[in-house]
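So the chains spell out like this:
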Amino acid sequence: MLAAASMLAAGVPAAVAAPPDATPCLGTAACASGQLPDGTPYQFVKPNRWNGVVLVDMDFADGGLTAPLTASLVERGYAVGGTTRAVTGWRIAEAIDNQAAALGRFEAAFGPARWAVAEGRSMGGFVAAGAAQVHPDLFDAAVPFCGGLGGSVGQWNQKLDTVFALKTLLFDDSALPVTGIPADVAGAREQWISALAGAQSTAEGRARIALASAIGQLPGWGLTADGTAPPVPAWWDATGIENGMYQALAGGPLPYIGQAMSSRRAIEQMSGGNPSWNTGVDYGRQLASAEPGQQLAVVRLYARAGLDLRADLGRLAAAPRITADPAAVSQLSRGIVFTGDVRVPVLTVSGLGDQISTVAQQQSYEALAHREGNGRFVRQTYVRTAGHCTFTVDEQVAAIDRMWQRLRTGVWPDLSPRTMNGLAGDGRYVDYVPPVFNRPFAG
């Protein structure tokens, strides 16, 4: 073991024998699996020639073994594994602790890892960043892909803004829910999607969809219903930007409004009430901080529709606000509120057209780290892709390889789009500065 340890310290892959209870899998690799005390399954695969890195992913045990990303990582010497979200759901604190427990099971089976990296996509990326904050003694780094890094409370306040503005401007006399989502989630989702489709068919509806989307910091580029990505609209293309907003909101394969119903229902049930509020929020100010192309689109669409933008902003300002249940806020905050307490390297990867984990949330995460004097630990990268977590295998491997380089050397490697695209074999990594997140919440 001392020889193996010295090889790992130098970054040289070493062949490590599988423990007696491991089972062969993926050719020459070994697998170990089981259940954590709360019933959450875990599973890991370790290659015969292991580079000393184990990647722990909240969603791995639900099909990860057969994923193309796993095959690519194992071939490169990474051990990969983790848990599922099936048991914990939106109980994020428990999911974060499960990553630490799963890492312990891996090391009990295969011996200590040289480097343990929390990584994952969507809620898995959210949990990975949480594991880095909560368990820096166990995890050496994190690579969150498309994670909701505005934190549990902040990201759901942002979603409230969008839905509240839509309801106020377009459907004020309807029974469409904003909070207090009913048990018939599918019914609520379909009612919202049908109502938005109707609004999209009129000039007035399109203008107000654009305003609500800009306030809620949705992307102006989204996948069509069949999952294809149209060209990125030019910054001055009001029609294209609004159509992208609508696709992100209600027209694509994973509509924002659908998650705003289903996940909010789950969160309200878990929290015991409504954890979101918009008291004191100035929606005119939020529009003024939107990306310039989105602001221009709103102005042009309002002019085309013959609507008074100032009057609609006045309607939003005068609308009765939604207050949160303090106990529910406290409960949801336990999931994870990002405070800037980052003590291990974190490399984030986000899609510009992600309608679920919006790019503005990433700005909040980095800003908090800098505020607390921990900016040196955080690097953020962006990929020109539409939809939620629509990265290629090679784009993900490129980010993970860069983090391994950071761990081996103690210095951040080149993360420029040119270098990342050279590693990924495409041209989708781009320079990007996200807008300031409208709803930061650090507790």
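As a reminder, the structure under discussion sits directly above these lines.
Quantities reported herein were computed from a predicted structural model and do not represent experimental measurements.

### What about the pattern of salt bridges?
- This structure, assessed with the given rule, holds eleven salt bridges.
- For the salt bridge of Arg-428 with Glu-395, the shortest nitrogen-to-oxygen distance reads 2.7 Å. With a gap of 33 residues between them, Arg-428 in the loop between α16 (417-424) and β12 (429-430) and Glu-395 in helix α15 (residues 393-409) connect regions that are remote in the sequence.
- Overall, Arg-428 belongs to the partly exposed group, its relative accessible area being 24%.
- Here the salt bridges share partners, and the residues they tie into one network are Asp-57, Glu-119 and Arg-121.

### Some words on the pairing of strand β6 (residues 53-57)
- Burial of β6 is extensive: five of the five residues sit out of reach of the surface.
- By the alternation rule, side chains of β6 split into Val-53, Leu-55 and Asp-57 and Val-54 and Val-56, which are all buried.
- Pairing of β6 with strand β8 (residues 115-121), which is carried by four bridges, proceeds in the parallel orientation. Bridge pairing links Leu-55 to Val-117 in β8.
- Where β6 and strand β7 (residues 79-82) come together, four bridges link them in parallel fashion. Among the inter-strand pairings, Leu-55 is bridged to a residue of β7, identified as Val-80.
- Note that the unit made of β6, helix α2 (residues 68-75) and β7 has a crossover that is right-handed.

### Overview of the packing of aromatic side chains
- Using the criterion set out here, one finds 13 aromatic pairs in the structure.
- Plain terms: the ring middles of Trp-50 and Phe-106 are 5.6 Å apart, the flat faces sit at 75 degrees to each other, and that makes the pair edge-to-face. A residue pair is termed long-range when its members are at least 10 positions apart, and Trp-50 in strand β5 (residues 49-50) and Phe-106 in helix α3 (residues 92-110) qualify at 56 residues. The same class applies to Trp-50 as to Phe-106, namely buried.
- Taking the centre distance of 5.8 Å and the plane angle of 70 degrees together, the rings of Tyr-78 and Trp-404 count as edge-to-face. In this pair, Tyr-78 is assigned in the loop between α2 and β7 and Trp-404 in helix α15, connecting sequence segments 326 residues apart.
- Residue Tyr-78 is classed as buried on the basis of its relative accessible area of 1%.

### A few points about helix α14 (residues 359-371)
- With 13 residues, α14 ought to run about 18 Å at 1.5 Å a step, and its terminal C-alpha atoms sit 19 Å apart, in line with that.
- Listed as buried for α14 are Val-359, Ala-360, Gln-361, Gln-362, Gln-363, Ser-364, Tyr-365, Leu-368 and Ala-369.
- Summarising the contacts, the buried residues of α14 are in contact with α4 (123-134), α5 (151-170), β10 (346-353) and β11 (378-386).

Scoring rules and cut-offs
- Throughout this description, residue numbers start from 1 for each chain and increase along the sequence as written.
- Owing to the predicted nature of the model, reporting of local features is limited to residues with pLDDT of at least 70; listing and counting of side-chain atom pairs is limited to 80 or more, with chain, interface and lining totals taken over all residues.
- Hydrogens and waters are ignored; side-chain quantities use all the structure's heavy atoms.
- By definition, a salt bridge exists where a carboxyl oxygen of Asp or Glu is found within 4 Å of a side-chain nitrogen of Lys or Arg.
- Only DSSP runs of H or I with at least four residues qualify as helices, and only runs of E with at least two residues qualify as strands; both kinds are numbered from the N terminus onward.
- For each residue, the accessible area found with a 1.4 Å probe, counting protein chains only, is set against the maximum for its type, and the residue is called buried under 20%, exposed over 50%, and partly exposed in between.
- DSSP bridges decide pairing: two strands pair if at least two such bridges lie between them.
- Whether a crossover is right-handed comes down to one check: with the strands pointing away from the viewer, does the path from the first strand over the helix to the second run clockwise; if it does, it is right-handed.
- The rule is short: rings of Phe, Tyr and Trp, with Trp giving its six-membered ring, pair when the centres are within 6.5 Å, and they are stacked under 30 degrees, edge-to-face over 60, tilted in between.
- To estimate the expected span of a helix, subtract one from its residue number and multiply by 1.5 Å.
- Throughout, a residue-residue contact means that at least one pair of heavy atoms, one from each residue, lies within 4.5 Å.

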